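Chains, contacts and geometry: an overview
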Amino acid sequence: VTHEDDAMPAAHRTELPPQAKAYSSDAFATMLASRTPLGDVEEYMDVSLEAPMFSNIGVDTMARASSSSLTAGAEDTVSLHFKQVVEGELDVMNLMYAIGMTSQLGSHVTRGCFQLEAITPCSGG
């Protein structure tokens, strides 16, 4: 999820080149240039982003509704929801997150990893 000035936060998919771990500005530029809106990536669907704290930044109501489902919730909570097509059966899914304090790409003080286990496949696609 990225946030740029005067815009709603948006979910993207990109690659993390190894050079980014060394804070390479070229690697960061590549990451930003190659990002794709998550809803435009074939294996992701029903993408929604809830960010109530940005609901009054002057973005057109229809644009806001199409990129997020602003439901009642904590004013300081950002929620990303999506469905992902995964080939085969998974025993575990490893996920990570990072929360930055600015809109600039860089190191995040708040970050972590977690696992989803005992994943039950959805029926009917």
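Remember, predicted model here, so these are calculated numbers, not experimental data.

The next thing to look at is the confidence of the model for the protein chain. Mean pLDDT over the protein chain stands at 77; residues scoring 70 or higher make up 77%. When pLDDT is averaged over each element of the protein chain, strand 2 (residues 36-37) comes out on top at 92 and helix 2 (residues 61-67) at the bottom at 39. A low-confidence stretch, residues 58-72 stays under pLDDT 50, and its non-local contacts, those more than four residues away or across chains, total 19 contacts.

Under the defined criterion, the tally for this structure stands at three aromatic pairs. An angle of 90° between the planes, with centres 6.4 Å apart, marks the rings of Tyr23 and Phe28 as edge-to-face. What makes Phe28 buried here is its relative accessible area of 15%.

Structurally, the position occupied by Glu15 is in the loop between strand 1 (12-13) and helix 1 (25-33). Between the C-alpha atoms of Glu15 and Thr30, which are 15 residues apart in sequence, the distance is 8.6 Å.

To continue, consider helix 1. Within helix 1 the residues assigned to the buried category are Ala27, Phe28 and Met31. Seen along its axis, helix 1 keeps its buried residues to an arc of 100°; they face one direction. Among the exposed residues of helix 1, those oriented more than 90 degrees off its buried face are Ser25, Asp26 and Ala33.

Parameters at a glance
- Residues numbered from 1 in each chain as written.
- Predicted model: local features only at pLDDT ≥ 70, side-chain atom pairs only at ≥ 80, totals over all residues.
- Heavy atoms only, no water.
- pLDDT = per-residue confidence, 0-100.
- Helix = DSSP H or I, 4+ residues; strand = E, 2+ residues; numbered from the N terminus.
- Contact = heavy atoms within 4.5 Å.
- Phe/Tyr/Trp six-rings, centres within 6.5 Å; stacked < 30°, edge-to-face > 60°.
- Buried < 20%, exposed > 50% of the residue type's maximum accessible area, 1.4 Å probe, protein only.
- Arc of directions from axis to C-beta.

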